[in-house]
Each structure stands twice: as C-alpha cells, then as structure tokens.
Amino acid sequence: MRDGGRLSAAIEVLTDIEARHRPARLALKSWGTDARYAGSKDRAWVSGLVLDALRRRRSIAWKMGDDSVRAAILGVLKYEWDWPVDRIAAAVTEEPHGHGALTEAETAALETPRDLADAPASVRGDYPQWLEASFARAFGDAAAREGEALSERAPIDLRVNTLKTDPARALKATQPLNAAAVPELPNALRIPAPAATDRAGAVETIPAFSKGWFEVQDLGSQIAAACAGQVKGAQVLDLCAGGGGKTLALAAAMGNTGQIYAYDSEARRLADTIRRADRAGVRNLQIRSPVTEGPLVGLEGKMDVVFIDAPCSGSGAWRRHPDTKWRLSEETFARRQSDQDAVLDLGATFVKPGGRMIYVTCSVLPEEDEDRVAAFLARTEGFVVKPATADEHLSPRLTPEGYLRLTPATAATDGFFVAVLERTQPLADKAP
Ligand SMILES: C[S@@+](CC[C@H](N)C(=O)[O-])C[C@H]1O[C@@H](n2cnc3c(N)ncnc32)[C@H](O)[C@@H]1O
C-alpha cells in the first residue's frame with residue numbers, strides 16, 4: 001500500500017473505533033480481515049498511526065483546532081511522526097486512495113499549531129476531562145506531565161523465569177531483541193519501545209520463549225508481584241489470577257516450594273494459566289475454578305499471602321491500550337470501585353494471623369487505590385498497613401502512608417499501586 005491508502009485506512013479504523021465505541025484491537029482486526037491486499041508492514045503502519053492518534057487525541061484536537069478523526073490522523077503525522085506538511089499534502093491527494101486535499105485551515109494548523117500551553121491539564125495530558133479532579137488529587141501540578149507520560153509508547157519488558165534459567169543466560173538469548181538489564185529488578189529485561197510503525201511480536205518467536213525462559217510482563221507488574229515479599233514455602237492465594245501474569249511471577253519467586261492457588265471469578269480467564277504454568281515449569285500451582293463447587297472452601301484463615309490484582313480502570317496501562325482511556329465511563333469507574341471493595345472483603349477472609357494481603361491495581365487514580373484501602377480499613381478490624389517495599393530503588397516511590405505508586409513519569413513503568421496489609425488478629429476477633 002502507498003501512504004495515501006494507509007492514511008485513509010487509519011481514518012476508517014479510527015472512525016469505526018469512535019463511532020461504534022469499539023475496542024481498537026477489534027476494529028484493527030476487522031479492517032485487517034477485509035483488507036486482504038494489506039501486507040504485514042501496512043498493518044503495523046496503520047495500527048501504529050491509529051494507536052498514536054488515540055494516545056494524543058485531545059492535545060492534537062487542540063493544536064489542530066479541530067476534533068475530527070481526520071484532523072487527529074493528520075496531526076499525528078506532523079506533530080508525532082515529524083512529517084513535513086508537503087509530504088502529508090502529497091499523501092492525501094494520491095490517486096486513487098488519498099483521503100482528499102488539505103483544506104486551508106488544515107494546512108495552517110499543521111504549519112502553526114495552536115499553543116498547547118494555554119490548554120487545560122487534561123488536554124495537555126490527554127486524559128478525559130471528567131478525570132481532571134482525580135488527576136489533580138493524584139499528581140497536583142504534575143497532572144499534565146503524568147498524563148503525557150501515559151500517552152507515550154511503552155517499552156516491552158520481560159521477566160526472566162528463574163525456574164528455567166538465570167538473568168545472564170536469558171540476556172544472551174534475547175540479544176536479537178536488543179534486551180537490556182534493568183537496575184530495579186535483577187530478573188527483568190527491557191526492550192526499548194518500538195517505532196510506531198514497526199511490527200511487534202518478535203518476542204514470542206525466539207526459541208528461549210518456547211522453552212519458558214521468560215514472560216512478557218511490564219516492569220511495574222513484576223515489581224507489584226515482588227511486593228508479596230518472602231514467599232518461599234508459603235501458602236499463597238492469587239485471588240484475581242486472570243491470565244496468570246502475577247501467578248507465574250509469584251510461583252517463580254516461590255521456587256516450586258509451598259503452594260499457590262489461582263482463582264478468578266471468570267473461569268474462562270483462567271484457561272490459559274495451566275498451559276503457561278506448564279511451559280514455565282511451575283509445579284506447585286492449583287487452579288481453583290469458579291465453576292466447581294466451593295472453589296475456595298478450606299482456605300479460610302490459612303493463607304500466608306493473599307494477592308489481589310484487583311479489577312480496575314486500567315488507567316496505568318493507557319500507554320499500551322490508549323483506546324481504553326476514552327472508553328472508560330463514569331459508571332464503569334464507579335462499578336470497578338465496588339468490585340475492589342468486594343475483592344478486598346473476600347480476600348481478607350483467607351489471610352491467617354500474621355499473614356499479608358497485597359492489594360494491587362494498574363490504576364493511578366486515588367479512588368481505586370488509597371481510597372479503597374482506607375474504606376477497607378475503616379470497615380474491617382485486624383489489619384495494619386506495612387510499607388509496600390523495602391527495596392532501596394523503590395522506596396522513593398512510597399507514599400507517606402507506605403503505599404507504592406509507580407507511574408511512567410516517575411518510574412518508567414506502567415502505572416501501578418500496591419498496598420500491603422498485615423493481619424494482626426484472627427477473623428473471629430473482628431468487632432461485631
Ligand atoms: C487485573 S485483572 C487480573 C490480571 C492477572 N492477575 C494478571 O496478572 O494477568 C483482574 C481480574 O479480577 C477478576 N475478578 C473480578 N472480580 C472478582 C472477584 N470478585 N473475585 C475474583 N476475581 C475477580 C477479573 O475477572 C479479572 O480477571
């Protein structure tokens with residue numbers, strides 16, 4: 001495909017996403033199915049352009065003085081991909097697939113964008129206007145800067161699976177991917193963010209991946225799992241195990257000692273975990289599926305660690321799923337907070353005295369983070385907050401209460417929140 005056709009395709013896909021409120025992944029997939037003439041480079045290019053437009057949707061609309069889909073795509077080419085205006089003008093007039101010549105207003109906006117310095121923080125930081133108060137609470141004057149960092153392309157992080165190999169051997173095996181060690185975690189490797197139009201997916205194709213030597217897992221997610229602390233020989237319940245990302249990280253830290261139970265209220269989400277655990281050499285995992293009767297019966301008050309990777313807005317992962325920031329509604333945001341209260345209450349019943357509950361979200365929004373912990377502590381006796389980490393690299397990221405908050409701007413990870421709550425009294429001692 002030539003540039004004109006690719007641009008028109010990106011406009012078509014972004015229109016589909018916005019007009020039908022479709023997830024970007026599905027809209028791109030259905031365009032790809034229809035566009036059999038498009039090669040893999042074309043697909044990567046169109047996808048890269050659409051995702052970049054979603055990342056900078058509001059700031060580009062401001063600079064262009066136009067919030068249309070076409071303006072968003074043109075704006076990415078100029079402001080993010082540094083295309084000269086002549087090249088854009090030539091692409092949109094290509095026959096037969098160009099989208100139509102630039103208007104005078106478009107040319108003027110591309111040449112002299114409206115000054116972003118005058119825009120509200122949520123425009124500069126590319127997040128929804130209705131979240132302005134939340135961002136201001138979380139970040140104060142740094143709200144726009146944090147939003148900007150959540151709008152960058154993300155690197156690809158790998159977790160070295162110590163059940164199968166060690167960091168030095170894994171580093172060697174991943175040299176074709178340009179992976180490098182990460183100071184914060186000895187078992188983490190990082191591959192720099194790919195260019196917008198590069199094809200991703202090479203990670204799964206290298207032989208060391210099929211041997212189970214590493215998993216693709218954001219550094220923030222690896223750090224959150226590490227906040228479980230000493231887990232060798234422990235009884236661990238991963239209560240919101242989903243696809244098993246944290247389960248596998250916890251299992252590796254346990255070194256096949258003790259027992260890890262993986263549960264999720266949605267059985268289908270657990271489907272992949274057994275296959276992944278097998279590949280990773282995990283032998284101390286029990287899947288507790290909600291389709292069986294009383295899946296968690298017998299574990300009450302017995303766990304050393306209950307890990308709660310709570311359902312959340314996913315605001316910390318906007319770099320990777322930029323469409324979700326515009327699809328998030330106030331209703332869903334409120335529903336997630338009720339879900340979070342429910343998993344905290346459920347999780348608490350399994351923690352033994354002296355045991356720990358690790359509450360994690362991939363959200364940067366206080367309503368899902370410290371507010372949920374505060375509400376839990378207000379209605380539950382017998383838990384105290386412990387510092388989420390003792391690691392010297394990470395302690396600057398602790399909040400005054402002892403929670404860990406990671407963001408792309410401050411930690412170069414996805415956004416994560418971690419609270420560690422220790423049970424000081426048995427469940428039966430709870431106030432009536
Ligand atoms: C953030 S995702 C988990 C991601 C997973 N831990 C990982 O690392 O790949 C949150 C999960 O919580 C599950 N969930 C929601 N409500 C739940 C509940 N009441 N009990 C258990 N799991 C729940 C969802 O089905 C979802 O899979």
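Remember, predicted model here, so these are calculated numbers, not experimental data. (Residues numbered from 1 in each chain as written. Predicted model: local features only at pLDDT ≥ 70, side-chain atom pairs only at ≥ 80, totals over all residues. Heavy atoms only, no water.)

Okay, the overall build of the protein next. Scanning the protein from terminus to terminus reveals 19 helices and 12 strands. For a compact globule of 432 residues, the expected C-alpha radius of gyration is about 22 Å, and the protein comes in at 23 Å, within 12% of that figure. C-alpha atoms of the protein, sized along the principal axes, occupy 75 × 45 × 45 Å. Partitioning the contacts of the protein with sequence separation of at least 6, the portion at a separation of at least 24 is 73%. Each charge sign in the protein was given a centre, from 54 positive and 59 negative side chains, and these centres are 6 Å apart. (Helix = DSSP H or I, 4+ residues; strand = E, 2+ residues; numbered from the N terminus. Rg over C-alpha atoms; globule rule 2.2 N^0.38 Å. Contact = heavy atoms within 4.5 Å. Lys, Arg positive; Asp, Glu negative; His and termini not counted. Charge placed at Lys NZ, Arg CZ, Asp CG, Glu CD.)

Bringing the environment of A53 into the picture now. With respect to the helices, strands and loops of the structure, A53 is situated in helix α3 (residues 40-55). Through-space distance from the C-alpha of A53 to that of P207 is 34 Å; in sequence the pair is 154 residues apart. Not counting the four nearest positions on each side in its chain, A53 is found in contact with L14, A72, I73 and V76.

Around the ligand sit 16 residues, and of these C240, K246, D264, R269 and D309 come closest. One of the backbone N or O atoms of S265 is found 3.2 Å from a nitrogen atom in the ligand. For the ligand, whose accessible area on its own is 600 Å², the fraction buried by protein is 79%. Looking at side-chain class alone, the shell around the ligand contains 7 nonpolar, 4 polar and 5 charged residues. (Near = heavy atom within 4 Å. Polar contact = N/O pair within 3.5 Å; in protein donor to acceptor, adjacent residues only side chain to side chain. Areas by Shrake-Rupley, 256 points an atom, 1.4 Å probe, with all protein chains shown as cover. Nonpolar A, V, L, I, M, F, W, Y, C, P; charged D, E, K, R; others polar.)

Once the domains are mapped, the protein shows domain 1 (3-111), domain 2 (156-217) and domain 3 (225-429). Averaged C-alpha coordinates put domain 2 and domain 3 at centres separated by 24 Å. Note on domain 2 versus domain 3: buried area summed over both sides is about 1,300 Å², and carbon and sulfur give 46% of it. Summed over the three residues of domain 2 that lose the most area to domain 3, namely L163, E184 and E215, the buried surface amounts to 39% of that side. Between the two partners, domain 2 and domain 3, sit 2 salt bridges. Among the ionic pairs, E215 bridges to R279, the shortest N-O distance being 2.7 Å. At the boundary of domain 2 with domain 3, the tally comes to 7 residue pairs in polar contact (both at pLDDT 80 or more). Elements that contribute at least two residues to the side of domain 2 that touches domain 3 include exactly β1 (156-160), α12 (207-210) and β4 (214-216). Of the residues contributing to the side of domain 2 that touches domain 3, the split by class is 4 nonpolar, 5 polar and 7 charged. (Domains from an automatic or database assignment. Buried area = accessible area lost by both parts, 1.4 Å probe. Salt bridge = Lys/Arg side-chain N within 4 Å of Asp/Glu carboxyl O.)

One way to put it is that helix α4 (residues 57-64) packs onto helix α5 (residues 69-80) with a least axis distance of 9 Å and a crossing angle of 90 degrees. One element, α4, and the other, α5, form an angle in the roughly perpendicular class. Residue-level contacts link R57, I60, K63 and M64 of α4 to V69, A71, A72, L74, G75, V76 and Y79 of α5. A breakdown of the residues in the contact of α4 with α5 according to their chemical character gives 8 nonpolar, 1 polar and 2 charged. (Axes fitted to C-alpha atoms, helices over the stretch in contact; angles between N-to-C directions. Parallel < 35°, antiparallel > 145°, perpendicular 65-115°, else oblique.)

This paragraph deals with the sheet that holds β1. The strand order β2-β3-β1-β4 describes an open sheet built from 4 strands, whose pairing is antiparallel. Each edge of the open sheet carries a strand with a single partner, namely β2 (180-182) and β4. With direction set aside, neighbouring strand axes in the sheet form an average angle of 35 degrees. On top of the sheet, helix α13 (residues 219-226) reaches β1, β2 and β3 (185-191); it is set at about 165 degrees to β3, its chief contact. (Pairing = 2+ DSSP bridges.)

Moving on, we come to the UniProt feature "active site" (unreviewed entry) in the protein. The UniProt record annotates "active site" (unreviewed entry) at C362. Along the chain, the position of C362 falls in the loop between β9 (351-361) and α18 (370-379). Owing to a relative accessible area of 22%, C362 belongs among the partly exposed residues under this scheme. (UniProt positions renumbered as here; feature names shortened; annotations may be inferred. Buried < 20%, exposed > 50% of the residue type's maximum accessible area, 1.4 Å probe, protein only.)

With that settled, consider the pairing of strand β5 (residues 235-238). Of the pairings in the sheet, the one linking β5 to strand β6 (residues 259-263) comprises 4 bridges and is parallel in character. Note on β6: the bridge partner recorded for Q235 is Q259. In the classification by handedness, the crossover that spans β5, the intervening helix α14 (residues 245-254) and the parallel β6 is right-handed. (Right-handed = clockwise from strand over helix to strand, strands pointing away.)

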